[in-house]
Amino acid sequence: MLVTQTAQSNQLTSFHWLEDLSHQQAGYAVATGAACRAGDRPVQLWLPEGRAAPVLETLEQWSQHPLAEFLNCFSVRWYQDAEDLKCQAIGNRGSQQCDLALLPRELQQHQLVFVTAEALSIASATHWQMVMPTSASVDLLAHEAGHWLGFADEYAMSTTLAVDYCNGRYQHPSVNVVTTTTNHVTSAELQALWQRLPWRDAVKDWRELAQQDGKGVWRLGSDNSVKVGLFASNTCAAVANVYSWKPVARMTAMEYHDVNVWPPIYLELLRTLE
Ligand SMILES: [Zn+2]
């Protein structure tokens, strides 16, 4: 991640100003790094003028993060007054959504809004917009960016979210979590489940996804010796009769951001989406 500032001295060394500066205006700088490829729509960063130092530090670390391979092209909009972002707490979690003044060409760009801690208690991500405290760690940024890239939470979703997601009504692809309505299946059902796993290519044999009992019934869930298979996820814990599953046994950053675990299969899945 390479970014620069207009007003303050720039502490990040390498950046390229976009050749096309026709839309440049006071308080609005665009900088992109080598990470921007032709056709990329930069993620637009909203940064508070004069109070963005912690964010810039985090963004410097971001370029070393495993997810930076998939999201590392940014542009910057500076703001002076958080009021102008028109952010509001929504829902019972109190997560924020901002009513940003966007130019038409910005409507198809992801917006990553950093606000100072007093203005925000909880980070949130929707399809186009993410709101985070300026103090956000690179691990938190990665978890929320993970949602943009196609990952679902592996901790128990709130009932409101879970009711839709866990019944198959999701607005976005979910590459790390699948759901089933039972945890006992026949051989044919197990093979069908294997077929629909986004990570099927990493599972050589469908029998690795379950354990068979004496009567021939398969109980879903891989043996712990399996590296990539089918492991219970807490995602749908709030919904009765729905089971949620993820590819690896260990806790990942989509369950708890602080662990910062991004298993190789997760990165592989993103590569196949590209
Ligand atoms: Zn999340």
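Here the structure is a predicted model, which is why all the values come from computation and not from measurement.

Description of the overall build of the protein chain
Stage number 1. Secondary structure summary: the protein chain contains 5 helices and 15 strands in total.
Stage number 2. Expressed as a percentage of its 274 residues, the buried residues of the protein chain come to 32%.

With respect to the sheet that holds strand β4 (residues 74–79)
Stage number 1. One open sheet accounts for 5 strands, arranged β4-β3-β7-β9-β8; its pairing is mixed. With partners counted over all chains shown, the strands left at the sheet margins are β4 and β8 (124–125), one partner each.
Stage number 2. Looking at chain direction, strand β3 (residues 43–48) and strand β7 (residues 111–115) are connected through 3 bridges and run parallel. Its bridge partner being in β7, W46 is matched across the sheet by V113.
Stage number 3. Set on the sheet, helix α2 (residues 138–149) makes contact with β8 and β9 (129–133); between it and β9 the angle comes to about 170°.

Some points on the sheet that holds strand β13 (residues 218–220)
To summarise the sheet geometry, strands pair through backbone hydrogen bonds and adopt either a parallel or an antiparallel arrangement.
Stage number 1. Here 3 strands make up an open sheet; going across it, the order is β11-β13-β12 and the pairing antiparallel. Lying at the two open borders of the sheet, with one neighbouring strand each, are β11 (184–185) and β12 (210–212).
Stage number 2. Two strands pair when backbone bridges link them, and β11 and β13 are joined in this way by 2 bridges, in the antiparallel orientation. Its bridge partner lying in β13, V185 is registered against W218.

Observations concerning the nonpolar core
Stage number 1. Counting 56 residues, the largest nonpolar core has V113 and F114 as the members making the most contacts within it.
Stage number 2. The residues that make up this core include at least three from each of domain 1 (16–149) and domain 2 (159–273).
Stage number 3. Leaving out residues up to four positions away in the same chain, F114 has contacts with L45, W46, L47, P48, V55, M132 and T134.

Observations concerning the environment of W262
Stage number 1. Take W262: it is sitting in the loop between β15 (243–246) and α5 (264–273).
Stage number 2. With 18 C-beta atoms counted inside 10 Å, the residue W262 sits in the partly exposed group.
Stage number 3. When the C-alpha atoms of W262 and G146 are compared, they prove to be 9.9 Å apart, with 116 residues separating the residues in sequence.
Stage number 4. Residues in contact with W262, not counting those within four places in the same chain, are P66, L67, T252, A253 and L267.

Side note on the pairing of β15
Stage number 1. Burial along β15 is two-sided: Y243 and W245 facing one way and S244 and K246 facing the other are all buried.
Stage number 2. In this sheet, β15 lies alongside strand β10 (residues 178–180) in antiparallel orientation, the contact comprising 3 bridges. Among the inter-strand pairings, T180 is bridged to a residue of β15, identified as Y243.
Stage number 3. In this sheet, β15 lies alongside strand β14 (residues 231–233) in antiparallel orientation, the contact comprising 3 bridges. Along β15, the bridge assignment pairs F231 with K246.

A few points about helix α1 (residues 53–62)
Stage number 1. Among the residues making up α1, those that are buried are V55, L56, T58 and L59. Considered in projection along α1, the buried side chains sweep an arc of 160° and stay on one side of the axis.
Stage number 2. Tucked inside the fold, the buried residues of α1 contact β3, β7 and α2.

Brief notes about the confidence of the model for the protein chain
Stage number 1. Taken over all residues, the pLDDT of the protein chain has a mean of 84, while the share at 70 or more is 85%.
Stage number 2. The low-confidence segment residues 1–32, where pLDDT is below 50, has 52 contacts with residues more than four positions distant or belonging to other chains.

Section: unusual backbone geometry
Stage number 1. Unusually for a residue other than glycine, K86 sits at a positive phi of about 50°.
Stage number 2. By the element assignment, K86 lies in the loop between β4 and β5 (87–90).
Stage number 3. A positive phi angle is found at N260, which is not glycine, with a value near 50°.
Stage number 4. Structurally, N260 can be placed in the loop between β15 and α5.
Stage number 5. Judged by the 16 C-beta atoms lying within 10 Å of it, N260 falls in the partly exposed class.

Some thoughts on the environment of G221
Stage number 1. Within the secondary structure, G221 is located in the loop between β13 and β14.
Stage number 2. Sequence separation between G221 and W245 is 24 residues; the distance between their C-alpha atoms is 8.2 Å.
Stage number 3. The residues contacting G221, other than those within four sequence positions of it, are A210, Q211, L230, F231 and A232.

What counts and what doesn't
Residues numbered from 1 in each chain as written. Predicted model: local features only at pLDDT ≥ 70, side-chain atom pairs only at ≥ 80, totals over all residues. Helix = DSSP H or I, 4+ residues; strand = E, 2+ residues; numbered from the N terminus. Buried ≥ 20, exposed ≤ 12 C-beta atoms within 10 Å, placed from the backbone. Pairing = 2+ DSSP bridges. Contact = placed C-beta atoms within 7 Å. Axes fitted to C-alpha atoms, helices over the stretch in contact; angles between N-to-C directions. Core = buried A, V, L, I, M, F, W, Y, C linked by C-beta atoms within 7 Å. Domains from an automatic or database assignment. Arc of directions from axis to C-beta. pLDDT = per-residue confidence, 0-100.

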